[in-house]
Every structure is written in structure tokens, then in C-alpha cells.
Amino acid sequence: MRALLLALTALALSACATTTRSPASESRWTSIEIAEGACFGVCPIYTITITPDDRYQLNGERFTRHDGASSGMLEAGSYARIAELLQAHDAAALPADITQNNSAACGRSIMTDMPDFRLGLTGPDGRQNIVWYPGCAESPYRDALSQIRDQVRLAYDYETLIAPKR
């Protein structure tokens, strides 16, 4: 009887226990790809893929600090910060095409010569691609995507890793 009471007490206590999970472990994605495209000037053209272990693969196509392929480690927690940011802005609910090709997402006023911004969110259920043209002046998604772009650049240290030396 005593053993039974101890077992029931242990079971009841374990039901009350909580576990702490890191934001990265809760991320719905197995990798996050960020890319920026061409403009008529010297806008960096690159693709960076980041994984939950804070590793990155970078392809600097043109006008980057180091053109070509490279890889390495970001500061610990970089992936988790990016995943949290994307989840806070509900990136998974964004339309795939926020460009001139989709007037419902872009609007009618379009500024030219802006580099596009692309997100590739890969998870266990496949890949979601989002293409945003910042020149879509009337887009209801413009503010959220501007914040995403600016904040993810900070999380993967755009100025050191990608931006050309000034």
C-alpha cells in the first residue's frame, strides 16, 4: 500500500512539472533562407541559409563583402532570434507573392529600382517561399516586412557578413 501511495504521489508531481524549451526547439522550421536581389546600383545580391544550430551557408553573388560561397557559425541564439521574429510577425501567413505581379498584395503605387527580399521557410511539411518587392508602396504587408528585413539583418550581422566594406 505504501509503495502504491508513493507511486501515485510521484505520478501526480510529475504531471505538475513543466519543461523549458528553447524558442529554436519550438520553431516550425528546419532552415530559414534569406535572399536579397539586384537593383540598378550596387545592392548586395546574396542568399544566406541558417539552421537551428546557428550554422550558415552564404552565397555572395555580387556586391557583397566576399563574393562566392562561404559557411560558418553565427552568434549563439541567432537562429532562435530570427525564428521568434518571423513567428511574431506571422511570416507563415504572408502571401507567397508580394510583388507587382500580385496587385492585391502589392497595391497600385510601385517604386522602381528596389532589391527584392525573399524568405524560404523549410520545415517538416515542405517549403514556403515569400517574395517581397519593397517598391510595393501600398502593400498592407510593407511595414511588417520592412521590420522583418531590418531585424533579421541584425540577427545574422549583415554589416559584417554581407555588406561591402564602406
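This write-up is about the structure you can find in this document. Being a predicted model, the structure only gives us computed values, none of them experimental.

Reading the values: rules and limits
- Along every chain, residues carry numbers that run from 1 in the direction the sequence is written.
- Predicted model: local features are reported for residues with pLDDT of at least 70 only, side-chain atom pairs are reported and counted for 80 or more only, and whole-chain, interface and lining totals are derived from all residues.
- Excluded from the side-chain calculations are hydrogens and water; all other atoms, namely the structure's heavy atoms, are used.
- The criterion is simple. A nonpolar core is a set of buried Ala, Val, Leu, Ile, Met, Phe, Trp, Tyr and Cys residues joined through side-chain atoms within 4.5 Å.
- The buried label goes to any residue with under 20% of its type's maximum accessible area, the exposed label to any with over 50%, and the partly exposed label to all in between, with areas taken from a 1.4 Å probe on protein chains only.
- Numbering of helices and strands runs from the N terminus; a helix is a DSSP stretch of H or I covering at least four residues, while a strand is a stretch of E covering at least two.
- Note on geometry: axes are lines fitted to C-alpha atoms, helical ones only across the stretch in contact, with angles between N-to-C directions running from 0 to 180 degrees.
- Oblique is the label for any angle not covered by the other classes, which are roughly parallel (under 35 degrees), roughly antiparallel (over 145) and roughly perpendicular (65 to 115).
- Contact between two residues is taken to exist if any of their heavy atoms lie within 4.5 Å; hydrogens are not considered.
- Three classes are used, and their members are as follows: Ala, Val, Leu, Ile, Met, Phe, Trp, Tyr, Cys and Pro are nonpolar, Asp, Glu, Lys and Arg are charged, and the others, Gly among them, are polar.
- One fewer than the residue count of a helix, multiplied by 1.5 Å, yields its expected span.
- Think of a polar contact as two N or O atoms within 3.5 Å of one another; within protein, one of them needs to be a possible hydrogen donor and the other a possible acceptor, and neighboring residues in sequence only count if both atoms come from side chains.
- Note on terminology: disulfide denotes any pair of cysteine sulfur atoms within 2.5 Å.
- Classification of ring pairs uses Phe, Tyr and Trp, with its six-membered ring standing for Trp, and accepts pairs whose centres are within 6.5 Å; under 30 degrees between planes counts as stacked, over 60 as edge-to-face, and the remaining range as tilted.
- By definition here, a salt bridge exists when the distance from a side-chain nitrogen of Lys or Arg to a carboxyl oxygen of Asp or Glu is within 4 Å.

**Observations concerning the nonpolar core**
For step 1, the next point in the chain: Of all hydrophobic cores here, the largest spans 32 residues; its most connected members are Ile32, Ile34, Ile48, Ile50, Leu86 and Tyr156.
For step 2, the next point in the chain: For this core, the secondary-structure elements that each account for two or more residues are strand E1 (31-36), strand E2 (45-50), strand E3 (55-62), helix H3 (78-88), strand E6 (117-123), strand E7 (126-132), helix H5 (142-155) and helix H6 (158-161).
For step 3, the next point in the chain: Counting residues per element, this core draws most heavily on H3, at five residues.

**A closer look at the packing of H3 against H5**
For step 1, the next point in the chain: Two elements in contact, H3 and H5, have axes separated by 9 Å at closest approach and are oriented at 170 degrees. What the angle tells us is that H3 and H5 run roughly antiparallel. Judged by residue contacts, Ser78, Arg81, Ile82, Leu85 and Leu86 of H3 engage Ile148, Gln151, Val152 and Ala155 from H5.
For step 2, the next point in the chain: Taken together, the residues that form the contact of H3 with H5 break down as six nonpolar, two polar and one charged.

**Description of H5**
An α-helical turn contains 3.6 residues, so a residue and the one three or four places further along point in the same direction.
For step 1, the next point in the chain: Spanning 14 residues, H5 covers 20 Å between terminal C-alpha atoms, matching the ideal 20 Å at 1.5 Å per step.
For step 2, the next point in the chain: For H5, the set of buried residues is Leu145, Ser146, Ile148, Arg149, Val152 and Ala155.
For step 3, the next point in the chain: Where H5 is buried, its residues touch E1, H3, strand E5 (97-98), E6 and E7.
For step 4, the next point in the chain: Backbone geometry just after H5 places Asp157 at a positive phi near 55 degrees.

**Some remarks on the environment of Asp113**
For step 1, the next point in the chain: Mapped onto the secondary structure, Asp113 falls in the loop between helix H4 (103-106) and E6.
For step 2, the next point in the chain: Distance in space between the C-alpha atoms of Asp113 and Gly41 is 8.2 Å, their sequence separation being 72 residues.
For step 3, the next point in the chain: Discounting residues that sit within four places of it in the chain, Asp113 has contacts with Cys39, Phe40, Gly41 and Tyr133.
For step 4, the next point in the chain: One polar contact links the side chain of Asp113 to the main-chain amide nitrogen of Phe40, over a distance of 2.4 Å.

**Quick word on the state of the cysteines**
For step 1, the next point in the chain: Under the defined criterion, the tally for this structure stands at two disulfides.
For step 2, the next point in the chain: Linked covalently through their sulfurs, Cys39 and Cys43 form a disulfide whose S-S length is 2.0 Å. Here the disulfide of Cys39 and Cys43 is right-handed, its torsion about the S-S bond being about 100 degrees.
For step 3, the next point in the chain: Here Cys39 falls in the buried class, since its relative accessible area comes to 19%.
For step 4, the next point in the chain: Numbered in order of appearance, the disulfide-bonded cysteines of the chain are paired 1-2, 3-4.

**A few points about the packing of aromatic side chains**
For step 1, the next point in the chain: Tallying each qualifying case throughout the model produces three aromatic pairs.
For step 2, the next point in the chain: With centroids separated by 6.0 Å and ring planes inclined at 55 degrees, the aromatic side chains of Tyr46 and Tyr158 adopt a geometry described as tilted. Of this pair, Tyr46 sits in strand E2 while Tyr158 sits in helix H6, and the two are 112 residues apart along the sequence.
For step 3, the next point in the chain: On the basis of relative accessibility, which here comes to 1%, the residue Tyr46 falls in the buried class.

**Looking at the pattern of salt bridges**
Two side chains that carry opposite charge are able to pair once their charged atoms sit near each other.
For step 1, the next point in the chain: Summed over all chains, the structure comprises six salt bridges.
For step 2, the next point in the chain: Note that Glu75 and Arg81 form a salt bridge whose closest N and O atoms lie 3.6 Å from each other.
For step 3, the next point in the chain: A salt bridge links Asp150 to Arg149; the nearest nitrogen and oxygen atoms lie 3.3 Å apart.

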